[in-house]
Amino acid sequence: QIYRLLNTGDSVNPVFEWFAINTTFSGSLIDVQADPRFDRSQGTATLWALSTDKVYRLDENSSDWSNFTITEYDGVEDYLVVDMKLAPDMDLAPAVYVATWGGGVFKLDLTDPSPIWEQVGGPPPGFWGECIELSPDFENDRLIFMGTQRGMYYVEDRPGGQWVKVNNEVIIDSANTSFEA
């Protein structure tokens, strides 16, 4: 469930209440993010929601989310998704990135009329992905970072990009002795 905090009072006596955005999601909801272009005054109030089964785009058609349009994108086949990031340059290169357990990072290129999930870079590290982050200079360097149970890796968002391990042993999960460094 996604909730919105609304002031049902006035500016002198505010009363804040949580209201559910009335929709049902397939699978377990993992993440919700505001589109980088989110600007209610310009009519671009869009949220993205990631579940274990699908990615949802919710476009608000009212000022209180009582009326909105949902676009659904099927999840990544054969892999469990665990994290999502939206391209910061959604105006120029709209894309959704997800980390998976065992499959690396996948990208949904929204410039395609029928977007499908494509694996980012070359063969991914053979570890469970836990999280992803995009470089602070992503619009220029296109670097995607993936945290795994065996350390941090990065790849450039281009066909055949090679995964590179970040040389920092502190981030390796050493709680389970079956993991080898």
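Residues numbered from 1 in each chain as written. Predicted model: local features only at pLDDT ≥ 70, side-chain atom pairs only at ≥ 80, totals over all residues. Heavy atoms only, no water.

**As for the nonpolar core**
One finds Trp 48, Val 96, Tyr 97, Val 98, Val 105, Trp 117 and Ile 144 to be the most contacted residues of the largest nonpolar core, which totals 31 residues. Secondary structure elements with two or more residues in this core: strand 4 (46-51), strand 7 (81-86), strand 8 (95-100), strand 9 (104-109), strand 11 (129-134), strand 12 (143-148) and strand 13 (151-156). Of all the elements, strand 8 adds the most residues to this core, at five residues. Counting residues in each nonpolar core, the second largest holds 10 residues, with Ala 45, Ala 49, Tyr 56 and Phe 68 among its members. (Core = buried A, V, L, I, M, F, W, Y, C linked by side-chain atoms within 4.5 Å. Buried < 20%, exposed > 50% of the residue type's maximum accessible area, 1.4 Å probe, protein only. Helix = DSSP H or I, 4+ residues; strand = E, 2+ residues; numbered from the N terminus.)

**A few points about a nonpolar patch on the surface**
Among the surface-exposed residues, Tyr 3, Leu 5, Phe 16 and Trp 18 lie close enough to one another that they form a single nonpolar patch of about 510 Å² accessible area. Sorting the residues of the nonpolar patch by element identifies strand 1 (2-7) and strand 2 (16-21) as the ones contributing at least two each. Its place among the elements puts Phe 16 in strand 2. With a relative accessible area of 54%, Phe 16 lands in the exposed category. (Patch = residues over 30% accessible without salt bridge, like charges linked within 9 Å, V, L, I, M, F, W, Y side chains within 5 Å. Areas by Shrake-Rupley, 256 points an atom, 1.4 Å probe, with all protein chains shown as cover. Salt bridge = Lys/Arg side-chain N within 4 Å of Asp/Glu carboxyl O.)

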